[in-house]
Protein chains: 6
Amino acid sequence: MPTPIAEITVRIEFSAAHRLHAKELSDEENAALYGPCNNPNSHGHNYDLFVTVRGPIDPVTGMVMNLNDLHRIVQERIFSVVDHKHLDDDLDVLGGRVSTAENLAVAFWEILAPEVQAFGPELSLIRIHESRANIVEYRGAQQ
Amino acid sequence: MPTPIAEITVRIEFSAAHRLHAKELSDEENAALYGPCNNPNSHGHNYDLFVTVRGPIDPVTGMVMNLNDLHRIVQERIFSVVDHKHLDDDLDVLGGRVSTAENLAVAFWEILAPEVQAFGPELSLIRIHESRANIVEYRGAQQ
Amino acid sequence: MPTPIAEITVRIEFSAAHRLHAKELSDEENAALYGPCNNPNSHGHNYDLFVTVRGPIDPVTGMVMNLNDLHRIVQERIFSVVDHKHLDDDLDVLGGRVSTAENLAVAFWEILAPEVQAFGPELSLIRIHESRANIVEYRGAQQ
Amino acid sequence: MPTPIAEITVRIEFSAAHRLHAKELSDEENAALYGPCNNPNSHGHNYDLFVTVRGPIDPVTGMVMNLNDLHRIVQERIFSVVDHKHLDDDLDVLGGRVSTAENLAVAFWEILAPEVQAFGPELSLIRIHESRANIVEYRGAQQ
Amino acid sequence: MPTPIAEITVRIEFSAAHRLHAKELSDEENAALYGPCNNPNSHGHNYDLFVTVRGPIDPVTGMVMNLNDLHRIVQERIFSVVDHKHLDDDLDVLGGRVSTAENLAVAFWEILAPEVQAFGPELSLIRIHESRANIVEYRGAQQ
Amino acid sequence: MPTPIAEITVRIEFSAAHRLHAKELSDEENAALYGPCNNPNSHGHNYDLFVTVRGPIDPVTGMVMNLNDLHRIVQERIFSVVDHKHLDDDLDVLGGRVSTAENLAVAFWEILAPEVQAFGPELSLIRIHESRANIVEYRGAQQ
């Protein structure tokens with residue numbers, strides 16, 4: 001049998017404030033576009049983040065990538081940066097982009113893809129649950 | 001960087017009754033095929049519905065599609081039709097097909113795909129959890 | 001140390017149809033009172049049932065009651081009666097009462113309390129989640 | 001049988017920003033006391049709120065209280081006030097108290113107890129899940 | 001208003017192996033009593049542990065007890081002892097008692113009650129979910 | 001319309017003990033590689049297993065595959081083999097491979113793929129949640 005390819009996913013929860021407000025738009029346009037998410041004093045979420053990595057299962061260790069390494073990377077590069085922070089006022093990672101879950105997913109991908117690749121496998125999915133009812137997925141630029 | 005492509009998902013829960021019974025089959029065949037799901041007086045579920053849309057992230061708004069629009073479409077075209085209803089006796093959307101979660105997913109796809117496309121992105125997945133143990137996914141005819 | 005008193009809970013999920021309709025009220029009153037839950041063709045739920053038993057922890061076995069016995073009782077006396085059934089049309093246990101979760105909880109209590117007591121401990125709580133947003137609890141008449 | 005007493009619970013989720021900062025304490029004391037929850041630019045949560053009401057089951061309707069009324073009260077008096085808001089900067093309900101989940105629960109109790117009592121039953125529990133790992137419960141002053 | 005009394009709960013998940021086997025009973029009696037839980041080579045669970053503390057809400061801090069302290073105590077005294085361990089072969093805390101969730105709850109109570117009391121409030125509940133279907137609660141000897 | 005292709009998923013939970021230990025590595029290498037998962041006396045999990053099958057929806061029955069058949073196969077070939085067992089000491093299915101969730105997923109695929117194919121559709125995904133934070137997915141060798 002050829003080496004099987006599998007995906008492993010780690011999950012973390014972080015709590016953050018944010019406000020959806022596009023700097024290219026007027027206040028009225030922002031209020032109409034984002035509705036309550038444009039509240040001037042911000043609101044917040046418990047974000048549920050899933051990071052998925054894809055690669056061959058090592059025949060000796062039985063692992064796509066050491067889960068301890070993957071948890072450490074996500075902890076150091078994402079959790080410690082975003083947890084208990086204001087996504088618009090405290091972070092650089094969004095580079096001025098609106099703090100939608102879509103843009104967060106792309107920003108996290110840019111941070112994590114090279115970190116994961118240094119261990120061999122490929123980052124394959126960033127999934128963010130902003131609430132029980134809203135989910136975003138990003139699979140990188142090659143998609 | 002080219003415009004990133006992402007997926008957004010909204011989730012709603014609805015409660016409905018139904019009975020699995022194929023009109024092409026005899027009563028005995030239906031009872032054997034569907035087991036308790038063929039109970040003549042019906043049974044029911046809390047259905048957990050996930051609707052996923054795929055498209056480029058707008059560089060100004062940071063959104064694949066306005067979540068408020070997507071929630072409104074699913075509310076108006078699905079939830080208001082199926083919630084607190086009998087899927088076989090109260091609905092037209094199944095067009096006489098058996099009310100399996102597979103057929104429900106296809107029916108919801110047919111309703112939602114043109115609605116979503118009118119906003120630009122593509123409907124990419126209908127996922128229905130009929131119970132904690134049974135899930136159905138449908139990705140459209142092009143699959 | 002005196003023998004410690006603890007509570008053990010088993011959980012099962014069942015799927016059923018029902019209609020809220022009080023026979024003492026007119027059709028108009030029922031429609032106004034129960035809203036969509038009065039839909040003539042019924043609707044349904046996945047009910048999440050928790051049965052809690054209270055008693056001393058046996059110093060030899062370390063158990064309040066054998067979980068296998070408790071699961072068997074709930075399976076035989078509740079699950080096999082209500083799963084994939086219509087609560088109003090298929091059951092006797094409600095005795096003509098409206099199939100609210102409150103009345104269901106009382107009916108389940110009446111069935112399970114003597115069964116549990118035959119093993120020594122006391123039934124202490126029936127909890128029913130009718131949906132993610134609606135929960136009922138009943139602790140018996142002595143409350 | 002005497003009229004059985006039961007409890008019904010409704011559950012809603014709201015998203016809000018907040019900052020833990022006691023006005024009676026210095027900045028250093030606040031930072032030491034609350035740690036990351038004292039972040040000057042705030043953070044946020046999806047709060048999961050459970051409101052429990054206790055009373056006799058009406059023998060005609062089979063209900064402790066009409067769930068539609070209870071959902072409406074919680075929607076109007078709590079959800080519409082706190083959802084997509086900053087708990088410290090946008091609300092009056094905390095009356096200057098620190099926005100811990102404990103103080104939120106007491107504030108919600110003060111708002112909801114008379115509303116529920118006007119329908120007959122008693123408010124019996126406010127439960128707030130601030131995150132998957134932190135929960136607060138309040139049963140009123142009579143406790 | 002008198003100082004309100006509230007309860008706060010922290011939740012942690014740990015993974016452990018165990019085997020139910022009472023030393024006072026024969027092998028045959030153990031097999032009959034515990035069924036598959038008596039498997040000689042052990043089985044295991046992800047245990048979901050909830051620790052609840054009760055006390056007055058401090059009028060300055062708005063807290064029953066500092067959540068950071070409570071998380072630290074549970075982490076140091078419980079999680080670091082039981083996570084990724086065999087409950088029968090690696091631990092002293094059960095003192096030779098069978099590793100039922102009932103006995104675990106009592107053992108955790110004995111460890112945590114004095115730790116919590118040193119901060120002022122009272123430990124009021126240990127709740128352990130051994131699986132999705134089995135839950136144990138213990139409220140101390142005074143119950 | 002051509003026959004729609006859909007996926008159905010069944011989910012079961014099983015409880016097992018295991019130890020991560022690669023026989024090709026020294027004790028020190030194993031301890032460094034797997035950390036607490038290498039605990040000599042083992043640890044354990046409640047594994048949440050999702051089995052997904054893909055195929056055309058039968059126009060008469062409305063099903064990709066009879067869910068009762070799929071549940072029975074997973075029950076007989078997986079659950080009855082692994083539940084309340086030690087994955088390393090009680091099973092043959094891993095064939096000496098380390099009991100990582102990656103290797104478990106491949107082993108379950110090898111067992112289930114021909115069973116599913118005998119009914120017509122194709123096995124398309126094995127997903128295993130080892131804990132709330134760790135997930136593995138395997139889509140077969142053709143991936």
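Residues numbered from 1 in each chain as written. Chains lettered and ligands numbered in written order. Predicted model: local features only at pLDDT ≥ 70, side-chain atom pairs only at ≥ 80, totals over all residues. Heavy atoms only, no water.

### Topic: the pattern of salt bridges
- Tallying each qualifying case throughout the model produces 54 salt bridges over all chains.
- Notably, a salt bridge pairs Arg132 of chain A with Glu13 of chain D, separated by 3.9 Å at the nearest N-O pair. Taken together, the positions of Arg132 of chain A in the loop between strand S4 (122–131) and strand S5 (134–138) and Glu13 of chain D in strand S1 (residues 5–18) put the pair across two chains.
- In this structure, the salt-bridge partner of Lys23 of chain E is Glu24 of chain E, at a minimum N-O distance of 3.9 Å.
- Owing to a relative accessible area of 61%, Lys23 of chain E belongs among the exposed residues under this scheme.
- A single network of salt bridges, built from pairs that share partners, joins Arg11, Glu13 and Asp48 of chain A together with Arg132 of chain D. (Salt bridge = Lys/Arg side-chain N within 4 Å of Asp/Glu carboxyl O. Helix = DSSP H or I, 4+ residues; strand = E, 2+ residues; numbered from the N terminus. Buried < 20%, exposed > 50% of the residue type's maximum accessible area, 1.4 Å probe, protein only.)

### So, the interface of chain B and chain C
- Contact with chain B, which involves 23 residues of that partner, is made by 23 residues of chain C.
- Between chain B and chain C lies a buried interface of about 1,800 Å² when both sides are counted; carbon and sulfur atoms form 44% of it.
- Remark: the boundary between chain B and chain C carries 19 residue pairs in polar contact (both at pLDDT 80 or more).
- Residues belonging to the side of chain B that touches chain C are distributed by class as follows: four nonpolar, eleven polar and eight charged. (Contact = heavy atoms within 4.5 Å. Buried area = accessible area lost by both parts, 1.4 Å probe. Polar contact = N/O pair within 3.5 Å; in protein donor to acceptor, adjacent residues only side chain to side chain. Nonpolar A, V, L, I, M, F, W, Y, C, P; charged D, E, K, R; others polar.)

### Quick word on the nonpolar core
- Within the largest apolar cluster, 113 residues are counted, with the highest numbers of intra-cluster contacts made by Leu49 and Ile126 of chain C, Leu49 and Ile126 of chain D together with Leu49 and Ile126 of chain E.
- Setting aside residues up to four positions removed in sequence, Leu49 of chain E forms contacts with Val10, Arg11, Ile12, Phe14, Val74, Ile78, Phe108, Ile126, Arg127 and Ile128 of chain E.
- Of all hydrophobic cores here, the second largest spans 111 residues; its members include Val10, Phe14, Phe108 and Ile128 of chain B. (Core = buried A, V, L, I, M, F, W, Y, C linked by side-chain atoms within 4.5 Å.)

### Observations regarding unusual backbone geometry
Residue and element names in this part refer to chain D.
- Unusually for a residue other than glycine, His84 sits at a positive phi of about 55 degrees.
- Topologically, His84 is positioned in the loop between helix H2 (67–82) and strand S3 (85–86).
- Classification of His84 by relative accessible area gives buried; the value is 13%.

### Topic: helix H1 (residues 27–34) of chain A
- Among all positions in H1 of chain A, only Asn30, Leu33 and Tyr34 of chain A are buried. All buried residues of H1 of chain A lie within an arc of 75 degrees about the axis, which places them on one face of the element. Set apart from the buried face of H1 of chain A by more than 90 degrees, the exposed residues are Glu28 and Ala32 of chain A.
- Taken together, the buried residues of H1 of chain A touch helix H2 (67–82) of chain B. (Arc of directions from axis to C-beta.)

### Examining the arrangement of the chains
- Where chain B comes nearest to chain D, the C-alpha atoms are still 13 Å apart, and the two do not contact one another.
- Between chain C and chain F there is no contact, and the shortest C-alpha to C-alpha distance separating them is 13 Å.

### Side note on the relation of the copies chain E and chain F
- For the pair chain E and chain F, the best superposition has an RMSD of 0.0 Å and corresponds to a rotation of 180 degrees with a translation of 0.0 Å parallel to the axis. Taken together, the rotation and translation describe the operation of a two-fold axis.
- With an isologous cut-off of 70% or more, the 100% of interface residues of chain E that recur at the interface of chain F puts this contact in the isologous class. (Least-squares fit on C-alpha atoms with pLDDT ≥ 70 in both.)

### Notes on the environment of Val10 of chain A
- Inspection of the secondary structure puts Val10 of chain A in strand S1 (residues 5–18).
- Distance from Val10 of chain A to Val53 of chain A, taken between C-alpha atoms, is 8.8 Å for residues 43 residues apart in sequence.
- Every residue in contact with Val10 of chain A, bar those within four places of it in the chain, is listed here: Leu49, Phe50, Val51, Leu67, Leu70, His71 and Val74 of chain A together with Ala133 and Asn134 of chain F.

### Some remarks on the pairing of S1 of chain D
- By the criterion of burial, S1 of chain D is predominantly enclosed, with eleven of the 14 residues buried.
- In terms of strand pairing, strand S5 (residues 134–138) of chain C meets S1 of chain D through five bridges, oriented antiparallel. Considered in S1 of chain D, the bridge of Glu137 of chain C is made with Glu7 of chain D.
- Here S1 of chain D runs beside strand S2 (residues 43–56) of chain D; their pairing, made up of 14 bridges, is antiparallel. Along S2 of chain D, the bridge assignment pairs Glu13 of chain D with Asp48 of chain D.
- Bridge count for S1 of chain D against S3 of chain D is two bridges, and the pairing is parallel. Bridge pairing links Ala16 of chain D to Lys85 of chain D in S3 of chain D. (Pairing = 2+ DSSP bridges.)

### Some words on the packing of H2 of chain B against helix H3 (residues 101–117) of chain B
All names here are of chain B.
- At a minimum axis distance of 11 Å, the contact between H2 and H3 shows a crossing angle of 155 degrees. If you check the angle between H2 and H3, you find them roughly antiparallel. Between H2 and H3 lies a crossing whose hand is right-handed. For the pair H2 and H3, the contacting residues are Leu70, Ile73, Val74, Arg77, Ile78 and Val82 in the first and Phe108, Ile111, Leu112, Glu115 and Val116 in the second.
- A class-by-class count of the residues in the contact of H2 with H3 yields nine nonpolar, no polar and two charged. (Axes fitted to C-alpha atoms, helices over the stretch in contact; angles between N-to-C directions. Parallel < 35°, antiparallel > 145°, perpendicular 65-115°, else oblique. Left-handed = near helix turned anticlockwise from the far one by under 90°.)

### Notes on the relation of the copies chain B and chain C
- Take chain B, turn it by 180 degrees, move it 0.0 Å along the axis, and it overlays chain C with an RMSD of 0.0 Å.
- The fraction of interface residues of chain B whose copies in chain C are also interface residues reaches 100%, indicating that both copies meet through the same surface.

### Details of the confidence of the model for chain A
- Confidence in the prediction of chain A, expressed as mean pLDDT, is 96, and 98% of residues score 70 or more.
- Note on the complex model: pTM 0.97, ipTM 0.95. (pLDDT = per-residue confidence, 0-100.)

### Some remarks on the interface of chain E and chain F
- With 23 residues of chain E at the contact, the number on the chain F side is 23 residues.
- One can count four salt bridges joining chain E with chain F.
- Where Asp48 of chain F meets Arg132 of chain E, a salt bridge forms, and the shortest distance between an N and an O atom there is 3.1 Å.
- Our enumeration of links across chain E and chain F arrives at 19 residue pairs in polar contact (both at pLDDT 80 or more).
- When residues of the side of chain E that touches chain F are traced back to their parent elements, those giving at least two are strand S1 (5–18), strand S2 (43–56), strand S3 (85–86) and strand S4 (122–131) of chain E.
- Here the side of chain E that touches chain F is built from residues that sort into four nonpolar, eleven polar and eight charged.

### Quick word on the packing of aromatic side chains
- Under the definition given, this model contains 18 aromatic pairs over all chains.
- An angle of 70 degrees between the planes, with centres 6.1 Å apart, marks the rings of Phe14 of chain B and Phe108 of chain B as edge-to-face. Here Phe14 of chain B, found in strand S1 (residues 5–18), pairs with Phe108 of chain B, found in helix H3; they are 94 residues apart in sequence, far enough to count as distant. This pair shows no difference in class: Phe14 of chain B is buried, exactly as Phe108 of chain B is.
- Summarising the aromatic geometry, the rings of Trp109 of chain D and Tyr138 of chain D are spaced 5.5 Å apart at their centres and angled 75 degrees between planes, so their arrangement reads as edge-to-face. (Phe/Tyr/Trp six-rings, centres within 6.5 Å; stacked < 30°, edge-to-face > 60°.)

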